[in-house]
Structures are given as structure tokens and as C-alpha cells.
Amino acid sequence: KNKRKMDAFTQENKDLSEPLADRRLEQQQLEDKLRSYPKDKMALKNLRAHCKKIEERTTEAKADYHQTEKHLRKKEKERDDLYRRFQKAVQEIRRKADLSKNAVLE
């Protein structure tokens, strides 16, 4: 009778030893995660701060880009206006030269 109980306990012990080993491994993994949690939390905080700085710099860069683009359009308009005025002056000089040439010929 004791032999049967002993065999039953031995079998139950074997049956429970694998799940126990699995639980101990899981416990160890969770403890490892728990130990690294403060470090991970600080790393996340630092990454968020870094991300915020990058977003601010991106916003500033976009504003600078738009300002530069606006300045470029203004300068292109000035250039085009100067070129038109130059072309008109050249045409006026040619017209006057043609008039004086015609006056000399008459």
C-alpha cells in the first residue's frame, strides 16, 4: 500500500516538475524585465525628449525654408522687373537710334 502511494507521489512529482520548471523560467524572465524596467523607462523618457527636440528643429527648419522661398520669389520678381526695364531701355535706345538715323538720311 505504501509502495503504491510512493509510486503515485513519484509520478505526480514527475508530472509537476516540468510545469514547475516552466514557471521558474517564466519567473526569472519576468524578474529580469522588472530589473531593466527603470532603465527602459528612463531610455523612453530620453527618446521622447529627443523626439520633441527634433520636431521643434523640424518646425524651425520648415519656417526657415518657407521664409527663404518667399525671399527667393521676391528676388526673382525683382530680377524679372529689372530685366523688363532693361529690355525696354534697349528698345527705346534702338528706336531713338533709328529715328536719328532716319533724320540724318533725310
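Check the entry above for the structure.
Now for a description of the structure that goes with this document. The numbers attached to residues start from 1 for each chain and follow its sequence in the written order. Only residues with pLDDT of 70 or above have their local features reported here, since the model is predicted, and side-chain atom pairs are shown and tallied only from 80 upward, although totals for entire chains, interfaces and linings are computed over all residues. Neither water nor hydrogens contribute to the side-chain values; these are computed over all heavy atoms in the structure.

### A word on a negative patch on the surface
Thinking step 1. For patches, a residue must show more than 30% relative accessible area and have no salt bridge; joins then use 9 Å for like charges and 5 Å for nonpolar side chains, namely Val, Leu, Ile, Met, Phe, Trp and Tyr. For the area figures, the Shrake-Rupley method with a 1.4 Å probe applies, and any residue is considered shielded solely by the protein chains shown. Criterion for a salt bridge: a side-chain nitrogen of Lys or Arg within 4 Å of a carboxyl oxygen of Asp or Glu. Under this rule, positive means Lys or Arg and negative means Asp or Glu; His and the chain ends count for nothing. Charge placement uses NZ in Lys and CZ in Arg. For Asp and Glu, CG and CD serve respectively. A cluster of like negative charges, contributed by Glu55, Glu56, Glu60 and Asp64, occupies part of the molecular surface.
Thinking step 2. The way it works is that DSSP assigns letters per residue, a run of H or I at least four long becomes a helix, a run of E at least two long becomes a strand, and they are numbered from the N terminus. Structurally, the position occupied by Glu60 is in helix H1 (residues 2-105).
Thinking step 3. Each residue's exposure class comes from its accessible area (1.4 Å probe, protein chains only) as a fraction of the maximum for that residue type: buried when under 20%, exposed when over 50%, partly exposed otherwise. Looking at Glu60, the relative accessible area reads 52%, which means it is exposed.

### Quick look at the pattern of salt bridges
Thinking step 1. Scanning the model with the defined rule gives 9 salt bridges in all.
Thinking step 2. Linking Asp80 and Arg79 is a salt bridge whose minimum nitrogen-to-oxygen distance equals 3.0 Å.
Thinking step 3. The exposed category is assigned to Arg79, whose relative accessible area is 51%.
Thinking step 4. The closest approach of N and O atoms between Asp81 and Arg84, which form a salt bridge, is 4.0 Å. Of this pair, Asp81 and Arg84 both sit in helix H1, 3 residues apart, roughly one helical turn.
Thinking step 5. Shared partners join several salt bridges into a network, and the residues in it are Asp81, Arg84 and Arg85.

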